[in-house]
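# Secondary and tertiary structure notes
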Amino acid sequence: AAVGLCPYRVLLARRGGALRALCGSMRGLAAGPETHFGFQTVTEAERREKIYQVFESVAKKYDVMNDSMTLGIHRVWKDILVHKMNPSPGTLLLDVAGGTGDIAFRFINYVRSVRERQLQRKLRHHQNLSWQEIAESYQEDKSKSLGDSQVVVCDINKEMLKVGKQKAQHLGYSEGLSWVLGNAEELPFDDDKFDVYTIAFGIRNVTRIDLALQEAYRVLKPGGRFLCLEFSQVSNSLLSRLYDLYSFQVIPVLGEVIAGDWKSYQYLVESIRRFPPQEEFKAMIEDAGFFKVDYQNLNSGIVAIHSGFKL
């Protein structure tokens, strides 16, 4: 009798295994599609949580680590980005993933410089004004040093925004600057609102890059410009090998020594290698609807500035 029951037990075991497999696949579907976190395969939900934890962990040492990892060259790259933007007084900028304010502060400095030159030219063309009239005109224009320009810094991470606000207060930036907690994949802004959208070293940390690009297109005014500064693919083979050696052997060590965080900087290095190369990313920007898309390699493609227009 016991032998006769064996086929039923086998059948039940098989059905149980199939049921467990089905439940496992259903749990996988509930967690969302698979993606990558550095070189790990994770669900989209897991990736978002892990990246949030990375930047929450590194926020306080973020600027120091940027200087250490790039030997300060990141400052030059960001200067080039803002000069490429060439904002004029009245420009409305959205800087996404810009929590520590590096692009925002450069934007404000640049617009103030343009405004100051405009003011000096205006006064030179009014040689017949009295000293008092010149002084009054200068003070009136000086009080509007940004000429109605505004920069909105949007970041998903509260700690990064906190660091940025502290820097702004310490450096004396307040006029024309606001901070918003928001997700690049679902921006909390109206359509056709901004003249320029920038994202510097942030888009590779976005889980759905396609959604972030669509959102960038949506919030820009017709004629608005998209600018992205990001690590990219090195074109020189010798430099590429040296860069890999430095990235994987030195940067995580710096992360441990300076920030006490090896894993976060290991991820940041891996995330650079998983980011699409220049031509592939250019095609993604075009797919989002942008025109006149191009890119400029800096330092043999260690980083690239991608540009596109909403027409």
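Note: the structure precedes this text.
Residues numbered from 1 in each chain as written. Predicted model: local features only at pLDDT ≥ 70, side-chain atom pairs only at ≥ 80, totals over all residues. Heavy atoms only, no water.

### Quick notes on the nonpolar core
Within the largest apolar cluster, 34 residues are counted, with the highest numbers of intra-cluster contacts made by W77, L177, L229, F231 and V303. When residues of this core are traced back to their parent elements, those giving at least two are α4 (73–85), α5 (102–124), β4 (150–155), α7 (158–171), β5 (177–181), β6 (194–200), β7 (220–231) and β9 (303–309). The element best represented in this core is α5, accounting for 8 residues. One finds A212, F226, C228 and I285 within the second-largest nonpolar core, a separate group that totals 27 residues. (Core = buried A, V, L, I, M, F, W, Y, C linked by side-chain atoms within 4.5 Å. Buried < 20%, exposed > 50% of the residue type's maximum accessible area, 1.4 Å probe, protein only. Helix = DSSP H or I, 4+ residues; strand = E, 2+ residues; numbered from the N terminus.)

### Quick notes on empty space enclosed by the protein
Once rolled over the atoms, a probe with the size of a water molecule shows which space is left empty. Under the defined criterion, the tally for this structure stands at 1 cavity of 30 Å³ or more. Computed from the structure, the largest cavity encloses a volume of approximately 110 Å³. Around the largest cavity, the lining comprises 13 residues; the ones closest to its centre are Y62, A97, G98, T100 and A200. (1 Å grid on protein atoms, 1.4 Å probe; cavity = no way out; pocket = protein on both sides within 12 Å on 5 of 7 lines; lining within 4 Å. Points joined across faces, edges and corners; volume = space filled by probe spheres on them.)

### Remarks on the layout of surface pockets
By volume, the largest pocket amounts to about 480 Å³. Taken together, 26 residues make up the lining of the largest pocket; nearest its centre are M69, T70, W77, F231 and Y246. Those elements that provide at least two residues to the lining of the largest pocket are α3 (62–70), α4, α9 (237–249) and α11 (262–274). With 5 residues, α3 is the largest single contributor of residues to the lining of the largest pocket. In terms of residue class, the lining of the largest pocket is made up of 19 nonpolar, 5 polar and 2 charged. By volume, the second largest pocket amounts to about 360 Å³. Lining the second largest pocket are 23 residues, with I51, A97, D155, I156 and N205 sitting closest to its centre. (Nonpolar A, V, L, I, M, F, W, Y, C, P; charged D, E, K, R; others polar.)

Everything listed here is a matter of geometry and, on its own, says nothing about what the molecule does.
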